[in-house]
Amino acid sequence: MAQRKRLGDLLKEAGLITEEQIQDTISTKKEDQKLGDALLEKGFITEQRLIEVLEFQLGIPHISLYQYPIDPAIINTVPKELAQRNILIPLNKEGNQLIVAMNDPMDYFAIDDLKISTGFQISPVIATKDEILQAINRHYNLQDKDLQESDDPNDAPAIRLMNQMLQAGVQLKASDIHIDPQETTVIVRYRIDGILRTERTLPKSFQNSLTARVKIMANLNITETRLPQDGRIKTTIDRNPVDLRISTLPTVFGEKIVIRILDLGGALSKVDELGFNKINSQRFLELINQPSGLVLITGPTGSGKSSTLYASLNQLNTENVNIITVEDPVEYQVEGINQVQVNNAVGLTFSKGLRSILRQDPNIVMVGEIRDSETAEIAIRASLTGHLVFSTLHTNSAIATIPRLFDMDVEPYLVVSALSGIVAQRLVRKICRDCKTEQAPTEMEQKQFAKRGIQLDHVYKGKGCNSCQYTGYKGRMAIHEVLTIDDSIKTMMMNYQSINEIHHYAYKNGMIFLVDDGLLKVKQGLTTTEEVLRVAQGN
């Protein structure tokens with residue numbers, strides 16, 4: 001308790017937070033969570049500011065581990081479990097002093113543990129949590145030179161290498177890990193905040209044992225190397241339950257493997273955590289609180305549609321409604337919701353599954369995706385018979401969804417009667433809070449904003465720092481457009497009026513389009529114009 005008070009006092013003295021914020025954080029934080037972590041989570045401080053205060057007030061230097069030459073001989077003086085549990089890593093030794101990078105240099109219990117376990121005096125320096133976790137991953141796990149060439153699928157080095165890659169993926173908050181065989185090497189890439197980047201290059205000799213290891217974990221056929229395979233692994237990484245989707249693809253240099261990481265711990269958002277602006281939030285809540293109708297979430301792959309669907313179901317999930325889903329695959333398992341997994345091998349398709357669940361007296365139905373006219377027709381008829389139906393479509397904008405539905409050979413009057421609303425969304429990278437700086441807008445930016453009728457004095461950019469791996473971005477958020485299908489739009493649809501006419505009507509009636517929502521978030525300092533135009537240009 002004394003330690004908590006001390007950190008709080010330091011931050012108060014620096015004028016970074018108020019007593020109310022400290023009390024609010026203490027009362028709502030998780031039981032074993034440190035005050036500093038809880039303040040970061042609530043957004044009251046940034047990690048960079050926290051480090052600056054500790055550095056200044058305690059006189060403890062801050063170092064960057066990004067390319068720090070850690071002495072390999074020193075690593076094993078501290079057990080890996082102790083390093084991971086307390087988020088610290090030994091760097092080097094000076095006489096009787098062990099220099100240790102710590103995320104929390106005020107964790108006196110951890111310092112005492114280190115003294116006892118190593119026999120050294122401990123001299124702490126400060127580093128960011130992500131950097132320390134990555135350094136632990138890099139230095140405690142096997143280095144490339146320690147791995148032996150082997151085709152044995154039970155080979156321990158392959159198991160350890162795989163574990164290391166998965167652990168790094170979860171810590172870096174990667175959505176996918178790509179294992180790419182090349183002619184003479186194997187490249188490992190991670191997709192972080194939507195962008196792929198190379199993390200390491202392995203010798204070609206690792207390829208067979210690594211591929212075999214992944215296949216064993218996912219119950220795939222090890223001997224089949226000429227056909228693509230798909231599988232699934234449920235595991236725990238750093239005490240987090242994680243679901244992994246495995247996809248293999250034969251290439252000229254061997255099998256390419258993509259591992260999609262679904263972090264089950266952080267899966268379920270609430271609707272108010274999806275980043276809707278106030279107007280869109282109100283419109284969306286009105287849509288999902290209706291007793292019946294068809295609500296569609298649209299956007300390309302990787303635009304966060306599943307998160308919006310699950311958040312909506314989570315919001316509506318009470319004991320007096322029956323919610324049933326048919327999905328391919330079931331991404332997150334939600335308590336209180338009946339989820340059906342499509343299984344084409346035994347003939348359980350979307351349309352068959354949907355027909356069956358309608359006989360189960362549901363109030364709310366979620367169809368993972370409308371892929372064909374049969375599924376579209378059943379979903380539409382279900383919404384007309386008193387069910388609230390959610391689904392997704394791959395279209396570029398909310399309004400472009402209308403002709404797409406008409407193209408699915410469903411009676412137009414059924415489409416018109418059923419459709420309640422369409423949400424289109426994209427994910428944009430957020431500016432890193434630790435290196436965010438104010439800048440004057442460029443001429444191009446001023447033009448973009450003026451065209452949309454938005455006033456702009458300044459914008460923000462990320463300079464690039466250790467915290468964001470020098471990208472200037474950290475984390476992602478959604479931008480949305482919400483089209484409510486009112487009577488006028490229904491009439492326009494029945495008269496086959498063009499997309500442009502519907503667009504003009506929606507604009508006159510205050511619809512906020514994707515680019516507008518994105519640019520408003522630029523104005524708020526949450527993302528950049530480049531990001532918004534990259535994902536929403538032309539919408």
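Attention in this report is confined to the structure presented alongside it. As the structure is a computational prediction, the values presented were derived from the model and not from experiment.

On to the sheet that holds strand β6 (residues 195–203), then. Strand order in the open sheet formed by six strands is β6-β5-β4-β9-β8-β7, with antiparallel pairing between adjacent strands. This sheet does not close on itself; its edge strands, each paired only once, are β6 and β7 (229–237). Averaged over all pairs of adjacent strands, the angle between their axes in this sheet comes to 20°, without regard to strand direction. The pairing of β7 with strand β8 (residues 240–251) spans nine bridges and is classified as antiparallel. Its bridge partner lying in β8, Gln229 is registered against Thr248. Contacting β4 (174–181), β5 (185–192), β6, β7, β8 and β9 (254–263), helix α10 (residues 207–217) crosses the sheet at an angle of about 45° to β9.

With that settled, the discussion passes to the state of the cysteines. Within the structure shown, the criterion is met by zero disulfides. Summary of cysteine pairing: Cys432 is not part of a disulfide, and the nearest cysteine sulfur, belonging to Cys465, is at 3.8 Å. Its sulfur unpaired, Cys435 is 3.8 Å from the next cysteine sulfur, which belongs to Cys465.

Viewed as axis vectors pointing N to C, helix α17 (residues 443–451) and helix α21 (residues 529–536) meet at an angle of 60°, and their least axial separation amounts to 11 Å. As judged from the angle between their axes, α17 and α21 are oblique. Every pair of crossing elements has a handedness; the one defined by α17 and α21 is left-handed. Where α17 abuts α21, its residues Met444, Glu445, Gln448 and Phe449 lie against Thr529, Glu530 and Leu533. The residue makeup of the contact of α17 with α21, split by class, is three nonpolar, two polar and two charged.

Positionally, Leu405 belongs in helix α15 (residues 401–406). You can call Leu405 buried: its relative accessible area is 1%. Taking C-alpha positions, Leu405 is 9.5 Å from Ile370, a pair spaced 35 residues apart along the chain. Beyond its immediate stretch of four places on either side in the chain, Leu405 contacts Leu296, Leu393, Val415 and Leu419.

What follows deals with the packing of helix α2 (residues 19–28) against helix α3 (residues 35–42). A packed helix pair is summarised by two numbers, namely the angle formed by the two axes and the spacing between the axes. Remark: α2 packs on α3, axes separated minimally by 10 Å, with the N-to-C direction vectors making an angle of 105°. Taken as axis vectors, α2 and α3 run roughly perpendicular relative to one another. In this structure, α2 uses Gln21, Asp24, Thr25, Ile26 and Thr28 to contact α3, whose residues at the interface are Leu35, Ala38, Leu39 and Lys42. Counted by class, the contact of α2 with α3 contains four nonpolar, three polar and two charged residues.

Attention now moves to the nonpolar core. Leu483 and Met493 are the most contacted members of the largest nonpolar core, which totals 42 residues. Sorting elements by how many residues they give to this core places helix α14 (residues 373–384) first, with five residues. Counting 29 residues, the second largest nonpolar core, distinct from the first, contains Val188, Ala218, Leu220 and Ile259.

We now examine the pairing of strand β10 (residues 293–298). Buried residues dominate β10, accounting for six of its six residues. Side-chain alternation along β10 places Gly293, Val295 and Ile297 on one buried face and Leu294, Leu296 and Thr298 on a second face that is also buried. Pairing geometry for β10 and strand β14 (residues 388–393), over six bridges, is parallel. Bridge pairing in β14 links Leu296 to Ser391.

On to the packing of aromatic side chains, then. Geometry of an aromatic ring pair is reported as the spacing of the ring centres plus the angle between the planes. Taken as a whole, this structure holds three aromatic pairs when the rule is applied. Between Phe276 and Phe284 the ring centres are 4.9 Å apart and the planes differ by 20°, which places this aromatic pair in the stacked class. You'll find Phe276 and Phe284 in the same group, each marked buried. Here the aromatic rings of Phe406 and Tyr496 are separated by 5.8 Å at their centres, their planes lie at 65°, and the arrangement is edge-to-face. Placement of Phe406 in helix α15 and of Tyr496 in the loop between α18 (487–494) and α19 (499–508) is noted, with a sequence separation of 90 residues between them. Its end group placed over the ring of Tyr460, Lys436 keeps NZ or CZ at 5.0 Å from the ring centre.

Looking at where Arg200 falls in the secondary structure, it is placed in strand β6. Residue class for Arg200 comes out buried when judged on its relative accessible area of 18%. Expressed as a C-alpha distance, the spacing of Arg200 and Val186, which sit 14 residues apart in the sequence, is 8.6 Å.

Moving on, we come to the sheet that holds strand β11 (residues 323–327). Across the sheet, seven strands lie side by side as β12-β11-β13-β14-β10-β15-β18; this open sheet has mixed pairing. Strands at the two margins of the open sheet, each flanked by one partner only, are β12 (338–341) and β18 (473–484). With strand direction ignored, the average angle separating the axes of adjacent strands in the sheet is 20°. Pairing geometry for strand β15 (residues 419–431) and β18, over ten bridges, is antiparallel. Bridging across to β18, Gly421 finds its partner in Thr484. Packed on one face of the sheet, helix α11 (residues 278–288) meets β10, β14, β15 and β18 and runs near 60° to β18.

Here the focus is unusual backbone geometry. Of note, the bond from Asp328 into Pro329 is cis; its omega dihedral lies within 30 degrees of zero at -5°. Residue placement: Pro329 occurs in the loop between β11 and β12. Even without being glycine, Ile87 reaches a positive phi, approximately 50°. One can find Ile87 in the loop between α6 (80–86) and β1 (88–94). Classification of Ile87 by relative accessible area gives buried; the value is 14%. Phi angles above zero are rare outside glycine, and Tyr496 is one such case at about 50°. When its relative accessible area of 55% is taken as the criterion, Tyr496 is described as exposed.

This paragraph deals with the pattern of salt bridges. Side chains carrying opposite charge are able to pair once their charged atoms draw close together. Counted under the stated rule, the structure contains 25 salt bridges. The residue Glu531 makes a salt bridge to Arg429 at a minimum N-O spacing of 3.1 Å. Taken together, the positions of Glu531 in helix α21 and Arg429 in strand β15 put the pair 102 residues apart, joining distant regions of the chain. Taking relative accessible area as the criterion, Arg429 reaches 15% and is therefore assigned buried. Shared partners join several salt bridges into a network, and the residues in it are Lys34, Asp104 and Asp107.

Cut-offs and rules
Residues numbered from 1 in each chain as written. Predicted model: local features only at pLDDT ≥ 70, side-chain atom pairs only at ≥ 80, totals over all residues. Heavy atoms only, no water. Pairing = 2+ DSSP bridges. Helix = DSSP H or I, 4+ residues; strand = E, 2+ residues; numbered from the N terminus. Axes fitted to C-alpha atoms, helices over the stretch in contact; angles between N-to-C directions. Contact = heavy atoms within 4.5 Å. Disulfide = S-S within 2.5 Å. Parallel < 35°, antiparallel > 145°, perpendicular 65-115°, else oblique. Left-handed = near helix turned anticlockwise from the far one by under 90°. Nonpolar A, V, L, I, M, F, W, Y, C, P; charged D, E, K, R; others polar. Buried < 20%, exposed > 50% of the residue type's maximum accessible area, 1.4 Å probe, protein only. Core = buried A, V, L, I, M, F, W, Y, C linked by side-chain atoms within 4.5 Å. Phe/Tyr/Trp six-rings, centres within 6.5 Å; stacked < 30°, edge-to-face > 60°. Lys NZ or Arg CZ within 6 Å of the ring centre and 35° of its normal. Salt bridge = Lys/Arg side-chain N within 4 Å of Asp/Glu carboxyl O.

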